[in-house]
Amino acid sequence: TKVETGVNSMAWSPDGKLIAFTMSEPETKASKERKEKYGEFEVVQGEYTFTHLWTVDPAGAGSEKLPEPGRLTEGTTFTVGGFDWAPDSRRIAFSAAKDPDLGSSDTADIYVLNVADKTCKKVVDTKGPDTNPRWSPDGTQIAYETSNAREFYYYTNSILAVVPAEGGAPHLLSEAFDEDPSLLAWGPDGIYFSASQRTYAHLFRLNAATKKIERLSQPESRVYFGFSLTADFRQAAFSASDAATYPELNISSLAPFAPRRLTSLGEQLKDWKLATRELIEWKSADGTAIEGVLYKPADFDASKKYPLLVVIHGGPTGVDRAVLSGDQYYPMEKFAAKGALILRPNYRGSAGYGEKFRALNVRNLGVGDYWDVISGVDFLIA
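A brief structural summary.

So, how was this worked out
Every residue gets a number counted from 1 within its own chain, in the order that chain's sequence is written. Note on the predicted model: pLDDT of at least 70 is required for a residue's local features to be given, and 80 or more for side-chain atom pairs to be given and counted; whole-chain, interface and lining totals, by contrast, use all residues. No hydrogens and no water enter the side-chain calculation; it runs on all heavy atoms of the structure. The patches described consist of residues with a relative accessible area above 30% and no salt bridge, like charges being joined within 9 Å and nonpolar side chains (Val, Leu, Ile, Met, Phe, Trp, Tyr) within 5 Å. Areas reported as accessible are Shrake-Rupley estimates using a 1.4 Å probe. Residue values count occlusion only from the protein chains shown. Salt bridges are defined as contacts in which a side-chain nitrogen from Lys or Arg sits within 4 Å of a carboxyl oxygen from Asp or Glu. Each helix corresponds to a stretch of at least 4 residues labelled H or I by DSSP, and each strand to a stretch of at least 2 residues labelled E; elements are numbered beginning at the N terminus. Exposed residues in this analysis have more than 50% of their type's maximum accessible area, buried residues have under 20%, and partly exposed residues fall in between, with area computed by a 1.4 Å probe over protein chains only. Remark: nonpolar core denotes a set of buried residues (Ala, Val, Leu, Ile, Met, Phe, Trp, Tyr, Cys) joined through side-chain atoms within 4.5 Å. The contact criterion used is simple: two residues touch if any of their non-hydrogen atoms lie within 4.5 Å. For two strands to pair, DSSP has to find at least two bridges joining them. For every element, the axis is a line fit to its C-alpha atoms; helices are fit only across the contacting stretch, and the angle between N-to-C directions ranges from 0 to 180 degrees. Whenever two N or O atoms come within 3.5 Å, that pair is a polar contact, provided that in protein one can donate a hydrogen and the other can accept it, and provided that, for residues adjacent in sequence, both atoms are side-chain atoms. We call Phe, Tyr and Trp rings a pair once their centres come within 6.5 Å, taking the six-membered ring for Trp, and we label the pair stacked below 30 degrees between planes, edge-to-face above 60, and tilted otherwise. The span one expects for a helix is its residue count, reduced by one, times 1.5 Å.

## Brief notes about a nonpolar patch on the surface
Okay, so step 1: Together, Val367, Tyr370, Trp371 and Ile374 make up a nonpolar patch on the protein surface, roughly 350 Å² of accessible area in all.
Okay, so step 2: By the secondary structure assignment, Ile374 is in helix H4 (residues 368-381).

## Let's talk about helix H1 (residues 29-38)
For the α-helix, the turn length of 3.6 residues means that residues three or four positions removed from each other point alike.
Okay, so step 1: Here H1 lies mainly on the outside; 0 of its 10 residues are buried.
Okay, so step 2: Gly39, located one to two residues past H1, shows a positive phi value of around 95°.

## Things to note about the nonpolar core
Okay, so step 1: Val112, Val123, Val124, Trp135, Ile142, Tyr144 and Val163 are the most contacted members of the largest nonpolar core, which totals 14 residues.
Okay, so step 2: At the level of elements, strand S7 (109-114), strand S8 (120-124), strand S10 (141-146) and strand S11 (159-164) are the ones that each hand at least two residues to this core.
Okay, so step 3: Ignoring any residue separated from it by four or fewer positions in sequence, one finds Val112 in contact with Arg91, Ile92, Ala93, Thr119, Cys120, Lys121, Val123, Trp135, Ile142 and Ala165.
Okay, so step 4: In terms of nonpolar packing, the next biggest core, distinct from the first, is built from 13 residues, Leu53, Phe83, Ala96 and Val115 among them.

## Here we look at the sheet that holds strand S5 (residues 79-85)
Okay, so step 1: Overall, antiparallel pairing links the 4 strands, which are arranged S5-S6-S7-S8 in an open sheet. Each end of this open sheet is capped by a strand with a single partner; those strands are S5 and S8. Between one strand axis and the next, the sheet turns by 30° as a mean value, whatever way the strands run.
Okay, so step 2: Direction of pairing for S7 relative to S8: antiparallel, over a ladder of 4 bridges. Bridge pairing in S8 links Leu113 to Cys120.

## Quick notes on the side chain of His202
Okay, so step 1: Tracing the backbone shows His202 in strand S15 (residues 200-206).
Okay, so step 2: A polar contact is formed between the side chain of His202 and the side chain of Ser217, at a distance of 2.7 Å.
Okay, so step 3: Apart from residues no more than four positions distant in its own chain, His202 is found in contact with Phe193, Ser194, Ala195, Gln197, Arg215, Ser217, Pro219, Glu220, Arg222, Tyr224 and Phe227.

## Remarks on the packing of aromatic side chains
What characterises a pair of aromatic rings is the spacing of the ring centres plus the angle enclosed by the ring planes.
Okay, so step 1: Tallying each qualifying case throughout the model produces 19 aromatic pairs.
Okay, so step 2: Judged by centre distance (5.4 Å) and plane angle (25°), the rings of Tyr192 and Phe233 are stacked. On the criterion of sequence distance, the pair formed by Tyr192 in strand S14 (residues 190-197) and Phe233 in the loop between strand S17 (223-229) and strand S18 (235-242) is long-range, its members being 41 residues apart.
Okay, so step 3: Judged by relative accessible area, Tyr192 falls into the buried class, the value being 0%.

## Examining the pattern of salt bridges
Okay, so step 1: In total, this model carries 20 salt bridges according to the counting rule given.
Okay, so step 2: With a shortest N-O distance of 3.0 Å, Glu25 and Arg71 are connected by a salt bridge. Of this pair, Glu25 sits in the loop between strand S2 (19-24) and H1 while Arg71 sits in strand S4 (residues 70-71), and the two are 46 residues apart along the sequence.
Okay, so step 3: For Glu25, a relative accessible area of 22% gives the class partly exposed.
Okay, so step 4: When its relative accessible area of 21% is taken as the criterion, Arg71 is described as partly exposed.

## A short note on H4
Okay, so step 1: The first and last C-alpha atoms of H4 sit 20 Å apart over 14 residues, in line with the 20 Å expected at 1.5 Å per residue.
Okay, so step 2: Turning to H4, its buried residues are Gly368, Asp369, Asp372, Val373, Ser375, Gly376 and Val377.
Okay, so step 3: In this structure, the buried residues of H4 make contact with strand S21 (276-283), strand S22 (289-296), strand S23 (308-310) and strand S24 (341-346).

## With respect to unusual backbone geometry
Okay, so step 1: In this structure, Pro219 follows Gln218 across a cis peptide bond, with omega equal to 0°.
Okay, so step 2: Take Pro219: it is sitting in the loop between strand S16 (213-215) and S17.
Okay, so step 3: With an omega of 10°, the peptide bond between Gly315 and Pro316 qualifies as cis.
Okay, so step 4: Within the element layout of this structure, Pro316 appears in the loop between S23 and helix H2 (332-337).
Okay, so step 5: Unlike most non-glycine residues, Phe233 shows phi in positive territory, near 60°.
Okay, so step 6: You can call Phe233 buried: its relative accessible area is 13%.

## Quick look at the sheet that holds S10
Okay, so step 1: With antiparallel pairing, the 4 strands of this open sheet are ordered in space as S9-S10-S11-S12. Edge positions in the open sheet fall to strand S9 (130-135) and strand S12 (171-172), since each of these has one partner strand only.
Okay, so step 2: Alignment of S9 against S10, held across 4 bridges, turns out to be antiparallel. Among the inter-strand pairings, Arg134 is bridged to a residue of S10, identified as Ala143.

## Details of the side chain of Ser284
Okay, so step 1: As for its position among the elements, Ser284 is in the loop between S21 and S22.
Okay, so step 2: Exposure remark for Ser284: the relative accessible area of 7% places this residue in the buried category.

Have a look at this one:
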C-alpha cells in the first residue's frame, strides 16, 4: 500500500485473499486551504479525524503500480477501533465509538460488516465500552471485552462476553476473574486471553460453556506478553522476562507449557554490573498491603546505609514489575551503580491487584496513594 495517512492496524483474511486495515481519514481540501491561509489549528471537540476500515488485494503487490485499497466504512457517525475477520472471510467484526475523543470511549459498541456489499449491523449496544471482538471458530458467535454497562467502568474490571453473530442478548463469561482480561483469540478448546496478576502477567484459557478459567503460562513469577497463537492453537510465541532475564522472544507448546528461548538480546548486558530487583511488601497507614519493586546495587551490603530514591509510575493504573528491562524515564541502573537504592511502589490503584485495590483510589486520589508511598519509605528506613 501507499496511503496518505498511514496504516494503523492490519489483518489477513483467513483465506489469504485480502488484507483488512484501518487508517485515519486524509486531510480534506478545505482543511489544507485553511492551514495555508491561517496556520495550523484545531477546534477541540468540534473537529475529529475519523478512522475507517479498508481492504487491499495483495495479489497486485510487487508490480510498478500498487493495488488500490477498497473502502469498507466511511462517514462521521463512528470511528473504527479493533477488528477481526470471520472464519468464512466474508464478514468483519469491529468496535467503533461515536468519535475519537477520549471522552467518547464509553460509546464503543460491536458491529458486523458484510465485506461483499459493505452492509453493517450493530450487534452489541450496551452502555459503556464494548471492544476487541473475536470470532468463534464456527463463525456463529463473537467474544468481546465489555464494561457491562457499569457506570464507573474506568476502575472496575472489564468482562469477557459473547454475543450471537446476528445480534442478541450478550452472555457474560469472566465475572469471577478479578482483573482486566485482554482478549486474544477463540480456539476450538476455549477463549484465550492475557492478564496481569499482581506484578506478573500470564496467558489464560476460558471454557465458554463452563466459564472455567485456567492459567497456561508458568512459572508464576514471570511476565509473559505479546502472545501470538498458531492456527491450530497448539503453540504460542511470546516475550518473557523476570527479575534476572531481559525480555526475550520464546515459543512454547500450550500443553505442557515449556518455553524455549529464541533470542539472546540480554547478551548485550553481560559486561555490566546490574542492579538486583526484588519484590517487597509493607502495610500502609490504613493497613492496606502494598507491594513495590526494590532495586539494589550489585554489591549491596545490608550492614551499610544507602541513599534512597523513589520512582513512581503513572496511570494511576500503571504497574511496576520486578523485571530486567531498559530504563525508559529515569536512569535507574546508573542510580544503582552510583550506590542508591530505588523503590518503585505499586500504590493503591495499580493494575494487577484486582478491582477492590483499584477502587481504593475512589474519593481518595492523592491521599491514599501518598500514604502508600511514604509508608514504603518508612518501611525501608526501619
